[in-house]
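What follows is the residue order along each chain.
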Amino acid sequence: MRTIEDLDVAGKRVFVRADLNVPLDGDRITDDGRIRASLPTITALRERNARVIIGAHLGRPKGKVDPAYSLKPVAARLGELLGTEVRFASDTAGESAQAISRELADGEVALVENLRFEPGETSKDDAERGEFADRLAALAELYVGDGFGAVHRKHASVYDLPKRLPHAAGGLVLAEVNVLRKLTESPQRPYVVVLGGSKVSDKLGVIDNLLNTADRILIGGGMAYTFLAAQGYEVGASLLERDQIDTVKGYLRRAEERGVELVLPVDVVAAEKFAADAAHDVVDVREIPADRMGLDIGPASAELFASKLADAATVFWNGPMGVFEMEPYAKGTRSVAQALADSSAFTVVGGGDSAAAVRALGFDEKAFSHISTGGGASLEYLEGKTLPGIAALEE
Ligand SMILES: Nc1ncnc2c1ncn2[C@@H]1O[C@H](COP(=O)(O)OP(=O)(O)O)[C@@H](O)[C@H]1O
Ligand SMILES: O=C(OP(=O)(O)O)[C@H](O)COP(=O)(O)O
């Protein structure tokens, strides 16, 4: 892949696709890790007198303008971290973005509004995505792909735009790929993968391939309930991908055939509703009440998972074990993070929320070998898949 050193950026408008998908509480950014991770590339471009136009997404607004998903607070935080004003365009590629891109001086920085406000960004239709990519291409002369957390998405700004402009990979994408490559080439064994979180339908598919590479897979978080249901347990009101139960039964079978240990929770924290102050109890997975939802793994599961991590030589972890944002459901995530922090294994934590969780729970980033900005992106990279956002940069 070309790097920014290979581009002549001075005086040019450079569109940087970053991943600034940070957790928010209202308009307050609760973890700015992804913004910080984007700084080195932006700074390197500014130092070389580029005019930097950043494009990114926030959440999943589904092709419609929704003020709750505005990137405006992100522009403000980015400006604070860079120590310079970040001009904010109130649209993605419309009048506001065009005017700002024309006015930008060398070394200045702008951020356009949430790219997912446009249906063309995420469309499955090549022509619709292409049309939006054309409009984005008109904002700049060069493209830098640096949004590692979104490189697994075949989206206009990730996949189609670099086909329209001379392009290079940013430092973050290069750094992430360098670390993750170690896990795909010859991971030290035992190699343990820990999966959790809430993007269950997105991430279930990776298990198929992980069964070829991992020695042990621990499944917690919202991911666990489809597995528990596949084993015949009632999961009450917990997160469940009902139409994936048969697929998951296949994973359970194949894991056994291949000698891969698939470890599921044995107890969970079952709450009356999705709230910090809801009534909640630890229950055995065989006894989840019909009107309760599992919002964390229980203490016996936390201990079991820690024991399954103790002898690991390599660990990849994506997805919190519970709703760590609410204190009553943070213990499982804390205990997995502690097991990784105590381990002498090569440990990689990936994902926007997983990275935010280890920081929010007070862990020193240095306790882990690498904290990746991408969850789904890392998982798909580990599967050995060609990721659209990387393939486009390699062309
Ligand atoms: N049992 C659960 N039920 C519902 N949500 C959960 C559960 N466990 C974890 N979560 C949620 O999963 C979210 C993170 O999932 P995901 O986006 O897949 O992870 P990442 O961003 O690290 O890739 C967190 O906001 C967390 O609250
Ligand atoms: O948060 C992200 O991924 P992650 O939760 O897998 O780490 C990325 O910004 C991609 O977002 P998406 O999964 O809505 O495409």
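None of these values were measured; they are calculated from a predicted model.

Parameters and conventions
Residues numbered from 1 in each chain as written. Chains lettered and ligands numbered in written order. Predicted model: local features only at pLDDT ≥ 70, side-chain atom pairs only at ≥ 80, totals over all residues. Heavy atoms only, no water. UniProt positions renumbered as here; feature names shortened; annotations may be inferred. 1 Å grid on protein atoms, 1.4 Å probe; cavity = no way out; pocket = protein on both sides within 12 Å on 5 of 7 lines; lining within 4 Å. Helix = DSSP H or I, 4+ residues; strand = E, 2+ residues; numbered from the N terminus. Contact = heavy atoms within 4.5 Å. Pairing = 2+ DSSP bridges. Axes fitted to C-alpha atoms, helices over the stretch in contact; angles between N-to-C directions. Points joined across faces, edges and corners; volume = space filled by probe spheres on them. Nonpolar A, V, L, I, M, F, W, Y, C, P; charged D, E, K, R; others polar. Near = heavy atom within 4 Å. Polar contact = N/O pair within 3.5 Å; in protein donor to acceptor, adjacent residues only side chain to side chain. Areas by Shrake-Rupley, 256 points an atom, 1.4 Å probe, with all protein chains shown as cover. Core = buried A, V, L, I, M, F, W, Y, C linked by side-chain atoms within 4.5 Å. Buried < 20%, exposed > 50% of the residue type's maximum accessible area, 1.4 Å probe, protein only. Domains from an automatic or database assignment.

### Focus: the UniProt feature "binding site: ATP" (unreviewed entry) in the chain
Piece 1. Here, UniProt's "binding site: ATP" (unreviewed entry) annotation points to Lys203, Gly294, Glu325, Gly351, Gly352, Asp353 and Ser354. Filtering the just-named annotated residues for those lining the second largest cavity gives Lys203.
Piece 2. Along the polypeptide, Gly294 turns up in strand 14 (residues 293-297).
Piece 3. With residues up to four places along the chain from it excluded, the contact list for Gly294 reads Tyr225, Ser238, Val268, Val269 and Ala270.
Piece 4. Secondary-structure assignment places Ser354 in helix 14 (residues 352-360).
Piece 5. Setting aside anything within four residues of it in sequence, one finds Ser354 in contact with Asn318, Gly319, Pro320 and Val349.

### Notes on the sheet that holds strand 14
Piece 1. The 3 strands are arranged 13-12-14 in an open sheet whose pairing can be described as antiparallel. Either end of the sheet is taken by a strand with one partner, and the two such strands are strand 13 (280-284) and strand 14. The mean inter-strand angle of the sheet, taken between neighbouring strand axes irrespective of direction, is 40°.
Piece 2. Relative to strand 13, strand 12 (residues 267-271) runs antiparallel, the two being bridged by 5 bridges. Bridged to Asp267 within strand 13 is Asp284.

### Considering empty space enclosed by the protein
Piece 1. Taken as a whole and assessed by the stated rule, the structure comprises 2 cavities of 30 Å³ or more.
Piece 2. Each pocket or cavity is described by its volume, and for the largest cavity that value is around 60 Å³.
Piece 3. Considering the residues around the largest cavity, the lining is formed by Arg17, Tyr143, Gly145, Asp146, Gly147, Ala150, Val151, Val158, Pro162, Val173, Gly389 and Leu393.
Piece 4. Here the residues of the lining of the largest cavity sort into 7 nonpolar, 3 polar and 2 charged.
Piece 5. Lining the second largest cavity are His152, Arg153, Asp202, Lys203, Val206, Gly376, Leu379 and Glu380.

### So, the site of ligand 1
Piece 1. Close to ligand 1 lie 21 residues, the nearest being Lys203, Asn318, Glu325, Asp353 and Ser354.
Piece 2. In the environment of ligand 1, a nitrogen atom lies 3.4 Å from a nitrogen or oxygen atom belonging to the backbone of Gly222.
Piece 3. In the environment of ligand 1, an oxygen atom lies 2.5 Å from a nitrogen or oxygen atom belonging to the side chain of Glu325.
Piece 4. Burial of ligand 1 by the surrounding chains reaches 92%, relative to a free accessible area of 580 Å².
Piece 5. In terms of residue count, helix 14 provides more of the shell around ligand 1 than any other element does, 3 residues in total.

### Thoughts on the nonpolar core
Piece 1. Residues Leu195, Ile207, Ile217, Ile219, Phe227 and Phe316 are the most contacted members of the largest nonpolar core, which totals 70 residues.
Piece 2. In terms of residues, this core owes the most to one element, helix 10 (residues 224-230), which gives 6 residues.
Piece 3. Looking at this core, you find at least three residues from each of domain 1 (4-174) and domain 2 (187-383).
Piece 4. Val16, Ile29, Leu71 and Leu111 belong to the second largest nonpolar core, which has 30 residues in total.

### Quick look at the site of ligand 2
Piece 1. Lining the immediate surroundings of ligand 2 are 14 residues, of which Arg60, Arg116, Arg153, Lys199 and Gly376 lie closest.
Piece 2. In the model, an oxygen atom of ligand 2 is placed 3.0 Å from a nitrogen or oxygen of the Asp19 side chain.
Piece 3. In this structure, an oxygen atom belonging to ligand 2 sits 2.7 Å away from a main-chain N or O atom of Gly376.
Piece 4. Bound to the protein, ligand 2 loses 95% of the 390 Å² it would expose on its own.
Piece 5. Formed jointly, the shell around ligand 2 draws a minimum of three residues from each of two domains, domain 1 (4-174) and domain 2 (187-383).

### Some remarks on the sheet that holds strand 4 (residues 51-55)
Piece 1. The 6 strands are arranged 5-6-4-1-7-8 in an open sheet whose pairing can be described as parallel. The open sheet is flanked by strand 5 (86-88) and strand 8 (167-169), the only strands paired with a single partner. Sheet twist, expressed as the average angle between the axes of neighbouring strands with direction ignored, equals 25°.
Piece 2. Note: strand 5 against strand 6 (residues 109-111), 3 bridges, orientation parallel. Following the sheet pairing, Val86 is matched in strand 6 by Val109.
Piece 3. The sheet strands contacting helix 1 (residues 33-47) are strand 1 (13-17), strand 4, strand 6 and strand 7 (142-145), and the helix crosses strand 4 at an angle near 155°.
Piece 4. Packed onto the sheet, helix 2 (residues 72-82) meets strand 4, strand 5 and strand 6 and runs at close to 170° relative to strand 5.

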